Number of protein chains: 2
Amino acid sequence: MSNKLLVVGTIAYDAIETPFGKAEHILGGAATYIAFAASIFNIKIGLVSVIGDDFNSNDLKLLTNRDIDVSGVEIVKGGKTFFWSGKYHININKRDTLDTQLNVLENFDPKVPDNWSTSNILLLGNLHPAVQLSALKQMKVKPDLIILDSMNFWMDNFRSILDDVISKIDVLCINDEEALQLTGQNSIRNAADAIQVLGPKYVIIKKGEHGAMLFHRDEIFVVPALPLKKVKDPTGAGDSFAGGFAGFLAQHSNTSFESMKTALVYASAMASFTVEEFGTESLQTVNKLNLKERLKEIENLTKFKSQQINLNEL
Amino acid sequence: MSNKLLVVGTIAYDAIETPFGKAEHILGGAATYIAFAASIFNIKIGLVSVIGDDFNSNDLKLLTNRDIDVSGVEIVKGGKTFFWSGKYHININKRDTLDTQLNVLENFDPKVPDNWSTSNILLLGNLHPAVQLSALKQMKVKPDLIILDSMNFWMDNFRSILDDVISKIDVLCINDEEALQLTGQNSIRNAADAIQVLGPKYVIIKKGEHGAMLFHRDEIFVVPALPLKKVKDPTGAGDSFAGGFAGFLAQHSNTSFESMKTALVYASAMASFTVEEFGTESLQTVNKLNLKERLKEIENLTKFKSQQINLNEL
């Protein structure tokens, strides 16, 4: 297995304000965070996205420096790169979107390069479900695993095509509120069950600072988020999470539930790096030693001596 | 060590409406849930509380049947038992208080029976901090561990006396929003650090369906809540959690951080039983076999094969 991960998603410029700082024009977008996070693994990563010719060539270099193949990134002449602006509250788990300029994203027609159409894992980042579907249909060999991230905007406005994509994937990755909205259920567990009826055999529920959960039939796994002293900018946390998850599975060449559990711990670690600095800053510099330490920290969060549980003495 | 747990708190009648049912007049109150949850352990439990002479003797029997000593429960002649009424939203994690009638609680002057003033563990359930302080001062031997539960109402209205109690305890048990409010911090981790400056060496942050966290200096432990298919009534979940925590520690005769981690798993298990049925119903019938199964389920939620994490191959 050649460990190829294909990422389809947005590349953006973001303007972000949080209680801890401000950035006017920094590299962002779901695909960017996903690819950076996945690039810590020994795998091949291809990107399918679109940018304008305003895009800074140095920013493209940040990606290629991490061995991310950008041959599937279309550059639209005279076009402007997707722009998003958001402001976080004092409670940094809440944010308002101040501005969204789709720009070149508006007419994005994804093209999966031939050599990437046989990737082992396909990760469809959060964007228009029609784009996700188009990319999915271009795969010449059915991937071992198709992971899809989505959000409420697409549920509200493009439900029918979103349902179509969801029916064709293996892992749906959404946040807790969106899972309830998507299914009309009122508990996460029931929502996860309902989603599995729609197609995906695995459901990842992202809960921000509360971590994430993985569901598959009657099996459930919970990974905590590392309780950080410093959260500077939560932007891209969910995308980094998905990138860490997919990256681990691509390298591990094993998509069993057991393997996904470990992948979720890596995912949580990658997300924890992202939120400690602005934008993609920490993802660009994080190394394997940092990752190793953080994995240990996350493992220690939930490890306890079960031999202390002696119910006979009760 | 004689494994004595003294519980100070309210006994109440509750009227509860949830999306899954309604009860007009059922046994409730923090001390009731705490004592029921703790009574699954082989320990001695004493209750200090107050009720009116309207209190049903059968309800008192429910407590004594579980070997809970009610000699510290004052019965006020002509008085009415504390009454609380609440209605839960479709999102069952939210509720509105419809009515609170303090009744005999208004002039409650707790009296710790002599034989309970040397208890190993003192659990001060959520109620007026002046009552908590009075009970604490009646202890003739300093308990191995003093655990305190509180809520925003006391922070808003009796901050100074609450601060006094908090300075004298070992474990503060509050929910996440209240921890932020109490400390003025904007992250749980920073709030937990700030609370440790106020006195308690240990901080438990309750997060409802997201589980709970235990903090002590740089050590952190996270226990998930079991993702249940059926949540009928969340009333008393936090109290059952505290009762399970204190009960385990009382039996285990060990208040180290390691021991507290395991206690937190028991706490989560006891809370999970409570919310599955109305009021104290499931706590009255749960047995050690049920508990054993549930502990295993909670353990499985977070267990993963860390040997899969081979960073050298990265």
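The sections below set out a description of the structure shown in this document. (Residues numbered from 1 in each chain as written. Chains lettered and ligands numbered in written order. Predicted model: local features only at pLDDT ≥ 70, side-chain atom pairs only at ≥ 80, totals over all residues.)

### Quick word on the overall build of chain A
- For chain A, the count of helices and strands is 11 helices and 13 strands.
- On C-alpha atoms alone, chain A measures out to a radius of gyration of 19 Å, which is about the 20 Å that the 2.2 N^0.38 rule sets for 314 residues.
- If you line up chain A on its principal axes, its C-alpha atoms span 75 × 40 × 40 Å.
- Put simply, chain A has 314 residues, and 52% of those count as buried. (Helix = DSSP H or I, 4+ residues; strand = E, 2+ residues; numbered from the N terminus. Rg over C-alpha atoms; globule rule 2.2 N^0.38 Å. Buried ≥ 20, exposed ≤ 12 C-beta atoms within 10 Å, placed from the backbone.)

### Some thoughts on the sheet that holds strand β3 (residues 21-28) of chain A
Residue and element names in this part refer to chain A.
- Taken in spatial order, the four strands make up an open sheet running β3-β2-β6-β7, and their pairing is mixed. For this open sheet the edge positions go to β3 and β7 (95-101), each flanked by a neighbour on one side alone. Taken pair by pair, the neighbouring strands of this sheet meet at an average axis angle of 15°, ignoring direction.
- Inspection of the sheet shows strand β2 (residues 12-18) paired to β3 by six bridges, in the antiparallel sense. The residue of β3 that forms the bridge with Y13 is L27. (Pairing = 2+ DSSP bridges. Axes fitted to C-alpha atoms, helices over the stretch in contact; angles between N-to-C directions.)

### Section: the relation of the copies chain A and chain B
- Overlay of chain A on chain B (RMSD 0.0 Å): rotation 180°, translation along the axis 0.0 Å. Accordingly, the operation relating the two chain copies is best matched by a two-fold axis.
- The fraction of interface residues of chain A whose copies in chain B are also interface residues reaches 100%, indicating that both copies meet through the same surface. (Least-squares fit on C-alpha atoms with pLDDT ≥ 70 in both. Contact = placed C-beta atoms within 7 Å.)

### A closer look at the nonpolar core
- Ranked by internal contacts, the top residues of the largest apolar core, which has 207 residues, are A:I147 and B:I147.
- Aside from chain neighbours lying at most four places away, what touches B:I147 is B:I121, B:L123, B:L124, B:I169, B:D170, B:V171, B:C173, B:A242 and B:A246. (Core = buried A, V, L, I, M, F, W, Y, C linked by C-beta atoms within 7 Å.)

### A word on the packing of helix α8 (residues 237-252) of chain A against helix α9 (residues 257-276) of chain A
Residues and elements named next belong to chain A.
- The contact between α8 and α9 brings their axes to 7 Å, and the two run at 140°. Taken as axis vectors, α8 and α9 run oblique relative to one another. The chirality of how α8 crosses α9 is right-handed.
- Each residue belonging to the contact of α8 with α9 can be placed in one class, and the counts come to 14 nonpolar, eight polar and no charged. (Parallel < 35°, antiparallel > 145°, perpendicular 65-115°, else oblique. Left-handed = near helix turned anticlockwise from the far one by under 90°. Nonpolar A, V, L, I, M, F, W, Y, C, P; charged D, E, K, R; others polar.)

### Brief notes about the interface of chain A and chain B
- Between chain A and chain B, the residue contacts involve 40 residues of the former and 40 residues of the latter.
- Mapped by element, the contributors of at least two residues to the side of chain A that touches chain B are α7 (188-198), β13 (219-223), α9 and α11 (288-302) of chain A.
- With seven residues, the top contributor of residues to the side of chain A that touches chain B is α11(A).
- Tallied by class, the residues present in the side of chain A that touches chain B amount to 20 nonpolar, 11 polar and nine charged.

### Brief notes about α7(A)
Residue and element names in this part refer to chain A.
- Considered for burial, the residues of α7 that qualify are I188, A191, A192 and I195. Each buried residue of α7 lies within a common arc of 100° when the element is viewed along its axis, so the set occupies one face.
- If you follow the buried residues of α7, they end up packed against β10 (171-175), α6 (176-183), β11 (202-206) and β12 (212-216).
- Positive phi shows up at G199, right after α7, with a value of about 145°. (Arc of directions from axis to C-beta.)

### Side note on helix α1 (residues 30-38) of chain B
- In terms of burial, α1(B) is largely enclosed, as nine of its nine residues are buried.
- What α1(B) keeps buried is the set B:A30, B:A31, B:T32, B:Y33, B:I34, B:A35, B:F36, B:A37 and B:A38.

### Let's talk about the sheet that holds strand β9 (residues 145-149) of chain B
Residues and elements named next belong to chain B.
- With mixed pairing, nine strands are arranged side by side in an open sheet as β5-β4-β1-β8-β9-β10-β11-β12-β13. Every interior strand has two partners, whereas the edge strands, β5 (68-76) and β13 (219-223), have only one. For this sheet, the mean inter-axis angle between neighbouring strands, taken without regard to orientation, is 15°.
- Contacts between helix α8 (residues 237-252) and the sheet are confined to β1 (4-8), β8 (121-124), β9, β10 (171-175), β11 (202-206) and β12 (212-216), with β8 contributing the most and set at about 175° to the helix.

### As for the environment of B:I298
Residue and element names in this part refer to chain B.
- Following the sequence through the fold, I298 ends up in helix α11 (residues 288-302).
- Assessed through the 23 C-beta atoms surrounding it within 10 Å, I298 is described here as buried.
- Apart from residues no more than four positions distant in its own chain, I298 is found in contact with P224, L226, V265, S268 and A269.

### Quick notes on the pairing of β9(B)
Residues and elements named next belong to chain B.
- The element β9 is largely enclosed, with a buried count of five among its five residues.
- Of the two faces of β9, the one lined by L145, I147 and D149 and the one lined by I146 and L148 are each fully buried.
- Pairing analysis gives four bridges linking β8 to β9, with the strands arranged parallel. For I121, the partnering residue across the bridge sits in β9 and is L145.

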